[in-house]
Amino acid sequence: METVLKKAKLSRNDIDYVMATGYGRRNFDPANGELSELSCHAKGVLFTNPQVRTIIDIGGQDAKVLRINDKGILENFMMNDKCAAGTGRFLDVMANILQMPVNELEKRAELAEKPAKISSTCTVFAESEVISQLATGETVENVIAGICNSVASRVAGLAKRVGIKEEVFMSGGVAQNGGVRKALEKELKVPIKWSETSQMMGALGAAISAYEQVKKRGVLNE
Amino acid sequence: MSNEVKKKSPPDPNSAKFKLGKIATDAYVDAQAAKDRGEMIGWCSSNFPVEIPETLGLAVCYPENQAAGIAARGGGERLCNVSEDDGYSNDICAYARINLAYAKIKDTPEQNMPEPDFLLCCNNICNCMIKWYENLAKDLNIPMIIIDIPFNPDYDVSDAQVAYVKAQFMEAIKQLEELTGKKWTEEKFQEVMEYSGRTSRAWLAATSEAKHTPSPFNGFDLLNHMAVMVTARGKKEAAEAMEVLHKEYLENVETGNSTFRGEEKHRIIFEGIACWPYLRATSTGLKSRGINMVTTIYADAFGFIYDDFDGMVKAYCNVPNAMNLEHARDKRVKLIKENHVEGLLVHTNRSCKLWSGFMAEMSRQIAAECEIPHVAFDGDQADPRNFSEAQYETRVQGLTEIMESKKGGC
């Protein structure tokens with residue numbers, strides 16, 4: 001927190017309310033309140049794109065699909081089960097095997113001629129599958145496209161259970177990966193919006209929520 | 001400042017909690033006493049018609065009840081490992097793995113039960129039960145009596161189904177008479193039926209008091225009390241204890257008290273078997289947010305009301321895991337509407353493929369009809385390796401935030 005304040009040239013006294021979110025939200029002592037990343041992603045995305053009705057958030061630890069009602073309120077959600085397949089961690093593991101940074105995956109996926117078939121049920125099994133595909137002469141590009149399809153197919157299953165309602169927006173770190181985004185658009189047959197700041201939507205939502213709390217109290221630092 | 005340690009006040013022996021707890025504990029003691037007297041005793045699956053051993057005067061123990069107790073006291077993983085070392089897959093029901101392990105090692109610090117002389121199995125709860133009991137029968141070299149009540153794809157129970165199952169009830173009685181030397185009498189059956197009816201009516205009445213806001217009880221109470229509904233429904237003490245429970249809930253309604261501690265901010269229905277190894281974590285996750293689990297399908301499912309033998313047969317064909325999706329959905333919708341439920345929390349129980357399997361579609365239909373949010377979490381009724389508290393917390397918090405926003409907060 002000190003690093004963030006220093007960068008922003010602020011002190012703790014300049015902050016009226018700290019809202020924590022994410023899996024560590026309950027263990028962050030300086031926080032005044034905590035809100036699940038579900039609500040935070042919904043708030044962040046709706047603040048920037050009020051017409052969105054379905055949010056697909058693929059982060060490091062989990063993947064979730066949020067449905068927003070016509071009043072702009074989160075009304076239901078679906079999350080992945082315990083397996084890391086379909087999450088950002090899956091892509092990290094795969095990038096590691098391929099010995100390339102995770103942000104390289106998108107460019108290489110675009111060069112694929114015929115995406116390889118990669119299992120979508122288990123990260124560890126998928127890892128051994130990637131190794132054996134490469135060993136049998138499959139191109140790296142085809143394997144990467146297969147990896148993106150694998151994430152997309154798993155998350156598309158969640159999205160279909162929640163029910164897709166346009167517009168659809170993708171938040172979370174994996175939104176940066178065009179390979180996954182395009183595979184998802186193909187699976188769901190809808191355009192998917194995203195932004196360069198997709199990964200910040202949870203933090204933005206937490207900040208908005210903190211602002212709402214301060215407004216409720218009626219005292220704002222000038 | 002003194003180091004005084006607060007002592008828990010002794011339980012009131014006239015309270016329903018004490019009486020119901022005693023009935024559950026006595027079941028093991030009575031079975032052991034019968035065994036010590038040289039009588040034959042059985043192990044029995046949870047939805048086998050309890051009226052049959054009760055009328056014959058046979059003591060039985062319930063492996064599912066024992067497995068839940070072992071899991072709640074921290075022994076689930078240890079016993080699951082014993083079974084897995086013997087070759088049982090960790091994909092099968094953890095109650096089965098725990099019980100098959102217990103049948104082998106015959107002693108646990110958590111909960112012992114006497115070795116059986118016969119097995120009573122009914123597949124109206126799941127088909128895993130059949131293989132589980134067949135293996136027990138082979139390992140222990142004892143007879144197994146099975147009643148086949150198949151999953152009913154139709155909404156109602158047909159006369160043909162009643163006739164098919166009734167013939168098996170009659171055969172089971174005959175087999176048990178021959179095996180144990182005990183005799184079925186109509187007079188004793190009438191008595192058991194009367195107590196079963198009294199117990200069931202009191203249970204339904206007690207659980208229906210959740211219609212009041214706030215509810216006079218914490219729904220987690222039901223997860224404990226239902227053990228008596230499953231195993232001891234036909235006993236006089238069970239009828240009396242359930243009537244005390246209803247009276248206590250009525251008094252709570254009048255005085256505004258509740259066994260749910262704290263402010264009841266939200267009311268949910270919980271779906272699935274309790275996550276016994278993490279009962280505290282799952283309960284605290286709700287209580288800390290002011291969520292009372294006011295009802296579960298158990299509130300409806302264990303109210304066995306019938307007037308005669310055929311009625312009893314029909315009741316056993318109509319238990320939750322044997323009925324079709326539409327019927328099961330309507331029962332839950334009724335509970336949700338009657339008890340002013342605002343959210344649905346589903347335990348995707350790795351042990352129970354049948355129950356968890358149909359919940360995805362049923363949750364969708366319930367949420368659409370009742371306009372409530374629904375959330376599922378991964379867990380297991382007895383294997384602690386299948387639950388993550390952080391994942392549970394996030395889902396419950398998300399559910400809470402949706403319920404709050406629907407009320408205009410958050």
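Structural notes, computed from the coordinates.

Rules of the game
Residues numbered from 1 in each chain as written. Chains lettered and ligands numbered in written order. Predicted model: local features only at pLDDT ≥ 70, side-chain atom pairs only at ≥ 80, totals over all residues. Helix = DSSP H or I, 4+ residues; strand = E, 2+ residues; numbered from the N terminus. Rg over C-alpha atoms; globule rule 2.2 N^0.38 Å. Buried ≥ 20, exposed ≤ 12 C-beta atoms within 10 Å, placed from the backbone. Pairing = 2+ DSSP bridges. Axes fitted to C-alpha atoms, helices over the stretch in contact; angles between N-to-C directions. Parallel < 35°, antiparallel > 145°, perpendicular 65-115°, else oblique. Left-handed = near helix turned anticlockwise from the far one by under 90°. Contact = placed C-beta atoms within 7 Å. Nonpolar A, V, L, I, M, F, W, Y, C, P; charged D, E, K, R; others polar. Right-handed = clockwise from strand over helix to strand, strands pointing away.

1. Things to note about the overall build of chain B
Inference 1: A count of helices and strands for chain B gives 16 helices and eight strands.
Inference 2: Here the C-alpha radius of gyration of chain B, 21 Å, is about what a compact globule of 410 residues would show, namely 22 Å.
Inference 3: Principal axes of the C-alpha set define a box for chain B whose edges measure 65 × 50 × 45 Å.
Inference 4: The buried share of chain B, reckoned over its 410 residues, is 48%.

2. Quick word on the sheet that holds strand 5 (residues 266-271) of chain B
Residues and elements named next belong to chain B.
Inference 1: Strand order in the open sheet formed by four strands is 6-5-7-8, with parallel pairing between adjacent strands. Both edges of this open sheet fall to strand 6 (291-296) and strand 8 (374-379), since each of them pairs with a single strand only. Within the sheet, the average angular offset between the axes of one strand and its neighbour, ignoring direction, is 30°.
Inference 2: Where strand 5 meets strand 7 (residues 343-349), four bridges bridge the pair, whose relative direction is parallel. When the bridges of strand 7 are listed, Ile269 appears paired with Leu344.

3. A word on the packing of helix 6 (residues 140-162) of chain A against helix 7 (residues 178-188) of chain A
Residue and element names in this part refer to chain A.
Inference 1: Running from amino to carboxyl end, helix 6 crosses helix 7 at an angle of 50°, the nearest separation of the two axes being 8 Å. Between helix 6 and helix 7, the angle falls in the class oblique. The two elements helix 6 and helix 7 cross, and the hand of that crossing is right-handed. On helix 7, the residues that touch Ile144, Ala145, Cys148, Asn149, Val151, Ala152, Ser153, Val155, Ala156 and Ala159 of helix 6 are Gly179, Val180, Ala183, Leu184, Glu187 and Leu188.
Inference 2: Partitioned by chemical class, the residues of the contact of helix 6 with helix 7 number twelve nonpolar, three polar and one charged.

4. Section: the pairing of strand 7 of chain B
Sheet faces and side chains relate simply in a regular strand, where the side chains alternate between the two faces.
Residues and elements named next belong to chain B.
Inference 1: Buried residues dominate strand 7, accounting for seven of its seven residues.
Inference 2: Neither face of strand 7 is exposed, since Gly343, Leu345, His347 and Asn349 on one face and Leu344, Val346 and Thr348 on the opposite face are all buried.
Inference 3: The sheet contact formed by strand 7 and strand 8 spans six bridges and is parallel. Opposite Leu344, over in strand 8, you have His374 as the bridge partner.
Inference 4: In this fold, the crossover linking strand 7 to strand 8 by way of helix 15 (residues 353-370) has right-handed handedness.

5. What to know about the interface of chain A and chain B
Inference 1: Each partner contributes to the interface: chain A provides 14 residues, whereas chain B provides 16 residues.
Inference 2: Elements with a minimum of two residues in the side of chain A that touches chain B: helix 2 (37-48) and strand 5 (74-79) of chain A.
Inference 3: Of all the elements, strand 5 of chain A adds the most residues to the side of chain A that touches chain B, at five residues.
Inference 4: Residue composition of the side of chain A that touches chain B, by class: seven nonpolar, three polar and four charged.

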